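As a plain string of letters, each chain reads:
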Amino acid sequence: MGPIKRGALIVFEGCDRSGKSTQSRRLAELLKSRGIPTESLNFPDRSTDIGQVINSYLTNSKDLQDEVIHLLFSVNRWELMGKLRQKLLAGTTLIVDRYSYSGVAYSVAKGMDFDWCYAPERGLIKPDAVFYLRAVPDRLAERSEFGEERYEKVEFQSRVSAVYDRIFSNESTYWHQLDASVTADELHFLIAEIAEKLLPKVTTQPLDKLS
Ligand code: 2DT
Ligand code: MG
């Protein structure tokens, strides 16, 4: 018997309403149906003490300085890293809706410095794959519920989108950019194809860190 195969860390990124939740759910369902131990989670995790502060900020019931909310988003990932590492090493594949790149994209879109924003993310577990659902922000606004939370403004989302494009150009080795304007079925098909090739490869590799 070989060593226990670890799970994969698969992240979905993109603007609000780009289809991340639907696609992460469908990928998780597919992997589970193939007998692959899989769990889904999302950042921010609003259930922790810090997550509740983040939720108050996002729902506009609390104002915080840009630097403060940025670091809280990062701490919210750090506070869950031990648990995520344990699950991955035990063989569970994790499908994560938003990660460090959301942290960078949304804060840099406010005008904050890119390197400053990325610094607290260094050392977190590096995803094996990032599915970047790239959408044109004007089209996103037509989707339901857009505009209820802080950041859900077309103009702001186009700045977020520009930062994602910048990150993609640096991280293209494990980022998969997908056109979010195709149907949910088409998108799922493309994602499934990539994920199925990826899993057997990465699960024998050691976990890496964001650097
Ligand atoms: P949801 O719409 O996915 O619930 O996200 N955000 C998220 C940040 O600004 N920094 C982060 O580190 C993360 C993970 C993106 C809520 C909003 O929070 C933003 C949208
Ligand atoms: Mg949202």
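Everything numeric in this text was worked out from a predicted model, so none of it was measured. (Residues numbered from 1 in each chain as written. Chains lettered and ligands numbered in written order. Predicted model: local features only at pLDDT ≥ 70, side-chain atom pairs only at ≥ 80, totals over all residues.)

(A) Representation of the overall build of the protein in the model. Of the regular secondary structure elements, the protein holds eight helices and five strands. Each helix and strand of the protein, placed in order from N terminus to C terminus, yields the pattern β-α-β-α-α-β-α-α-β-α-α-β-α. For 211 residues, the compact-globule formula gives about 17 Å, and the C-alpha radius of gyration of the protein, at 17 Å, lands near that figure. Reported as C-alpha extents along the three principal axes, the dimensions of the protein are approximately 55 × 35 × 30 Å. The proportion of buried residues among the 211 residues of the protein is 34%. By sequence separation, contacts in the protein at least 24 residues apart represent 81% of the contacts at least 6 residues apart. (Helix = DSSP H or I, 4+ residues; strand = E, 2+ residues; numbered from the N terminus. Rg over C-alpha atoms; globule rule 2.2 N^0.38 Å. Buried ≥ 20, exposed ≤ 12 C-beta atoms within 10 Å, placed from the backbone. Contact = placed C-beta atoms within 7 Å.)

(B) Looking closely at the pairing of strand β1 (residues 9–14). Buried residues dominate β1, accounting for six of its six residues. Going residue by residue along β1, you find L9, V11 and E13 tucked away on one face and I10, F12 and G14 tucked away on the opposite face as well. Note that β1 and strand β3 (residues 93–97) share four bridges and pair parallel. Residue F12 lies in a different strand from β3, and its bridge partner there is D97. In the sheet, β1 pairs with strand β4 (residues 129–134) via five bridges, with the strands oriented parallel. When the bridges of β4 are listed, I10 appears paired with A129. (Pairing = 2+ DSSP bridges.)

(C) Quick peek at helix α1 (residues 20–33). The end-to-end C-alpha distance of α1 is 20 Å, a good match for the 20 Å that 14 residues give at a rise of 1.5 Å each. Among the residues of α1, K20, Q23, S24, L27, A28 and L31 are the ones counted as buried. Buried residues along α1 cover an arc of 135° about the axis, so they all sit on one side. Positive phi appears at G35, one or two residues downstream of α1, with a value of about 80°. (Expected span 1.5 Å × (residues − 1). Arc of directions from axis to C-beta.)

(D) Molecular detail of the site of ligand 1. Residues in contact with ligand 1, as listed here, are D16, F43, P44, L58, F73, R98, S102, G103, Y106 and Y151. Broken down by class, the residue content of the shell around ligand 1 amounts to six nonpolar, two polar and two charged. (Near = placed C-beta within 6 Å. Nonpolar A, V, L, I, M, F, W, Y, C, P; charged D, E, K, R; others polar.)

(E) Spotlight on the sheet that holds strand β2 (residues 38–42). Spatial strand order, β2-β3-β1-β4-β5: five strands in an open sheet with parallel pairing. Every other strand in the sheet has two partners, leaving β2 and β5 (175–179) as the edge strands with one partner each. Put simply, the sheet's adjacent strands are angled 20° from each other on average, direction ignored. (Axes fitted to C-alpha atoms, helices over the stretch in contact; angles between N-to-C directions.)

Just distances and angles here, no functional claims.
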